[in-house]
Amino acid sequence: LRRQSYNGVERPAEAIEWARKAIEQSPKDITLHEPLAAALIESGAFDEAERELETIRTLAAEQGSRERERSFLTGAHKRLSARRAEERLKKRGAK
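For clarity, every value in this text was computed on a predicted model and none was experimentally measured.

About the criteria used
Residues numbered from 1 in each chain as written. Predicted model: local features only at pLDDT ≥ 70, side-chain atom pairs only at ≥ 80, totals over all residues. Heavy atoms only, no water. Axes fitted to C-alpha atoms, helices over the stretch in contact; angles between N-to-C directions. Helix = DSSP H or I, 4+ residues; strand = E, 2+ residues; numbered from the N terminus. Parallel < 35°, antiparallel > 145°, perpendicular 65-115°, else oblique. Left-handed = near helix turned anticlockwise from the far one by under 90°. Contact = heavy atoms within 4.5 Å. Nonpolar A, V, L, I, M, F, W, Y, C, P; charged D, E, K, R; others polar. Core = buried A, V, L, I, M, F, W, Y, C linked by side-chain atoms within 4.5 Å. Buried < 20%, exposed > 50% of the residue type's maximum accessible area, 1.4 Å probe, protein only.

Honestly, the packing of helix 1 (residues 12–25) against helix 2 (residues 30–43) in this entry has me stumped. Any pointers?
When two helices pack together, their arrangement is captured by the angle between the axes and the distance separating the axes. The geometry of helix 1 relative to helix 2 is characterised by a closest axis approach of 9 Å and an angle of 150° between their N-to-C directions. By the criterion of interaxial angle, the relationship of helix 1 to helix 2 is roughly antiparallel. Relative to helix 2, helix 1 is oriented so that their crossing is left-handed. Contact with helix 1, carried on its side by Pro-12, Ala-15, Ile-16, Ala-19, Arg-20, Ala-22 and Ile-23, involves Leu-32, His-33, Leu-36, Ala-39, Leu-40, Glu-42 and Ser-43 of helix 2 and no other residues of that element. Split into classes, the residues belonging to the contact of helix 1 with helix 2 amount to 10 nonpolar, two polar and two charged.

How should I be thinking about the nonpolar core in this particular structure?
Proteins that are soluble and globular tend to have nonpolar side chains buried together. Formed by 21 residues in total, the largest nonpolar core has its most connected members in Leu-36, Leu-53, Ile-56 and Leu-80. Sorting elements by how many residues they give to this core places helix 2 first, with seven residues. The contacts of Ile-56, once residues within four sequence positions are left out, are Ile-30, His-33, Glu-34, Ala-37, Glu-69, Phe-72 and Leu-73.

And the structure:
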């Protein structure tokens with residue numbers, strides 16, 4: 001189940017489904033929340049992705065793994081900003 005949840009970039013809808021199932025079984029496992037956040041970003045579910053990134057930040061603080069998660073969160077926030085900008089440009093171009 002875990003390996004399948006990492007297919008987020010190519011098939012975000014499928015990755016979201018698998019990651020959510022995996023998280024149901026292991027809700028405190030940060031490594032399962034990361035692909036969910038990435039897939040949500042790629043699917044355009046930006047608000048939900050923000051909530052998932054906050055979950056990762058909280059779990060990292062609780063588990064004392066802030067350093068490990070810092071690089072993922074930094075990259076994820078950059079990608080989220082880029083995807084939001086892409087969506088705004090698409091909307092402007094469609095008008």
